[in-house]
Amino acid sequence: MTKFPKDFLWGGATAANQCEGAWNEDGKGISIADVLTCGGLAKHTASLPDVPEAMKKHIAKMRGVTYRSGDQEGAAMAFKMNTYPEKGIPALLDDEYYPNHQAIDHYHRYKEDLALFAKMGFNCYRMSIAWTRIYPQGEETEPNEAGLRFYDNVFDECLKYGIEPIVTLSHYEMPLALTIKYNGFADRRVIDCYVRYVKTVFERYQHKVKYWLTFNELNSVVHSGFINAGVFSKDRRLIEAASYHQLLASAQVVRFAHDHYPQFQMGCMIGVSPAYPYSCKPEDNLAALKQNQQRDTYYPDVQMRGFLPEYKLIQLQQEGIRLPIQSGDAEILSGGCCDFMAFSYYQTSVAAAQDEEMQRTAGNMGSFIFNPHLKKSEWGWQIDPIGLRYTLNLFYDRYHKPLFIAENGLGAADVLNADHTVHDPYRIDYLRQHIQAIKDAIILDGVEVFGYTPWGCIDLISCSTGQISKRYGFIYVDVDDAGHGTLNRYEKDSFAYYKQVIESNGEFL
């Protein structure tokens, strides 16, 4: 092969909680994302870094327990009871700004946005369904018809333009009610809630959606248990239990899809930042291997191979952690292997046997040892296009199944000029280098890659900071970090560039 495959999927990626807004319209329930305040992860406290301190106190009060600031044990105690509060979901805080409540108002402007995607030439669109639009509190016996109808309309609009929807079933937006009642996926009963929701949307959209991702960045549970799995604690035992239950949930719905909807292609999705060894010292190489196992490969190992890898079981045993394994679980995992692997890629990382005194920099899902050979974005994320080729080879060699790049992009403080233009040559340069890396992996290395959806193809709320000023899109949205602005959409220079890339199927770079 000397070119991208002729049926290669070109598009962009968003998440419902970061773009839709309309957080309480048409019967939608409160999701985890709806209680995240402006400032994102950076603002939140050390004990539970992705839950606002005031919200922790408020949830604990609704559960009838006392929570003291910084008291990790007290946070877990808030969920000892399983009685649902009579007053329902805790109220939001009057003195906080919640950027996802409005986001970019995609809920009311999806036709305009999809028309712009079509103009760019998209033949796919990676998006998510907001679980709380379908089952507002997670345990209803009947779905919310208004929510189902909304996604009918979105998918119909996609298909009108020949855009293939690629749908994430759970993207950091599970019902808050399931956190309050069960502590999220830390409780096995939440698997049933997830499976009920997934079966509903499978049945509803079986003729409109072919590609599905079970969870977004499943490995992010390690550092963001609340956002990822609804776990109101940093206790490792609870986090590992929640992670295990998500793996079971993923396997169950994949098996169900294979049995009932053979036309579906089911994928897992993780956030990858493969570790380079800091030096050629054997200790640093071993540190890189172990870091990659624990952070990047454990989750897809289970989802693509169908069993718990030995290295993970030994690690948990050494830490005194016992997974809540029940009879029949091994069969569930082995029977629910995914058809393809999707991942987000923003940067590589560095691992060292002794890393306590080393300079660190920001990144997706945590901070990393600084790599002096790489440039950084304005937010400190290191830029490594060759690392994307390395990643594609790493996972194709490991699983030998098709790969899909579900996220990749550059967050930058773009400037809207008086004539409504946005000049972003830095983003064009980033795209050029990363698409070339994909091309090299396909042509020179023989890796099977079938699609590429850069993150935030339209500006949206950042998960890590709660800002919109950290812009990724090819389309500028006129709104600031306080939610002020016209919300009008404007094409950036990168819009025209990416359009040419798609038109040429990756030949124009």
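What you see is a predicted model; the values in this text were computed from it and never measured. (Residues numbered from 1 in each chain as written. Predicted model: local features only at pLDDT ≥ 70, side-chain atom pairs only at ≥ 80, totals over all residues. Heavy atoms only, no water.)

Draft legend 1. A look at the side chain of Asp414. Mapped onto the elements, Asp414 comes out in the loop between strand 13 (403-407) and helix 16 (425-443). Within the local environment of Asp414, its side chain forms a polar contact with the side chain of Tyr426, the two groups lying 2.6 Å apart. Look past the residues within four positions of Asp414 in its chain and what remains in contact with it is Val422, Asp424, Tyr426, Arg427, Arg471, Tyr476 and Lys492. (Helix = DSSP H or I, 4+ residues; strand = E, 2+ residues; numbered from the N terminus. Polar contact = N/O pair within 3.5 Å; in protein donor to acceptor, adjacent residues only side chain to side chain. Contact = heavy atoms within 4.5 Å.)

Draft legend 2. Structural detail: the pattern of salt bridges. The final tally for this structure, using the stated rule, is 32 salt bridges. A salt bridge links Lys312 to Glu240; the nearest nitrogen and oxygen atoms lie 3.1 Å apart. In this pair, Lys312 sits in helix 13 (residues 310-318) while Glu240 sits in helix 11 (residues 236-260), placing the two residues 72 residues apart along the sequence. The class of Lys312 is buried, set by a relative accessible area of 3%. Residue class for Glu240 comes out buried when judged on its relative accessible area of 4%. In this structure, Asp296 and Arg295 form a salt bridge, with 3.8 Å as the shortest nitrogen-oxygen distance. (Salt bridge = Lys/Arg side-chain N within 4 Å of Asp/Glu carboxyl O. Buried < 20%, exposed > 50% of the residue type's maximum accessible area, 1.4 Å probe, protein only.)

Draft legend 3. View of the nonpolar core. Core analysis: the biggest nonpolar cluster contains 133 residues, and Tyr194, Phe202 and Trp212 have the highest contact counts within it. Looking at this core element by element, the count peaks at 11 residues for helix 11. The residues contacting Trp212, other than those within four sequence positions of it, are Ile129, Val167, Leu169, Val201, Phe202, Tyr205, Phe264, Gln265, Met266, Gly267 and Phe340. In this structure, Leu213, Phe340, Ala342 and Phe450 belong to the second largest nonpolar core, which totals 11 residues. (Core = buried A, V, L, I, M, F, W, Y, C linked by side-chain atoms within 4.5 Å.)

Draft legend 4. Representation of the sheet that holds strand 13. With parallel pairing, eight strands are arranged side by side around a closed barrel as 1-2-3-4-5-7-13-14. Between one strand axis and the next, the sheet turns by 30 degrees as a mean value, whatever way the strands run. Sheet topology places strand 1 (residues 9-13) next to strand 2 (residues 124-128); three bridges connect them, and they run parallel. Residue pairing in the sheet places Gly12 in a bridge with Tyr125 of strand 2. Set on the sheet, helix 12 (residues 282-305) makes contact with strand 5 (265-272) and strand 7 (340-345); between it and strand 5 the angle comes to about 170 degrees. (Pairing = 2+ DSSP bridges. Axes fitted to C-alpha atoms, helices over the stretch in contact; angles between N-to-C directions.)

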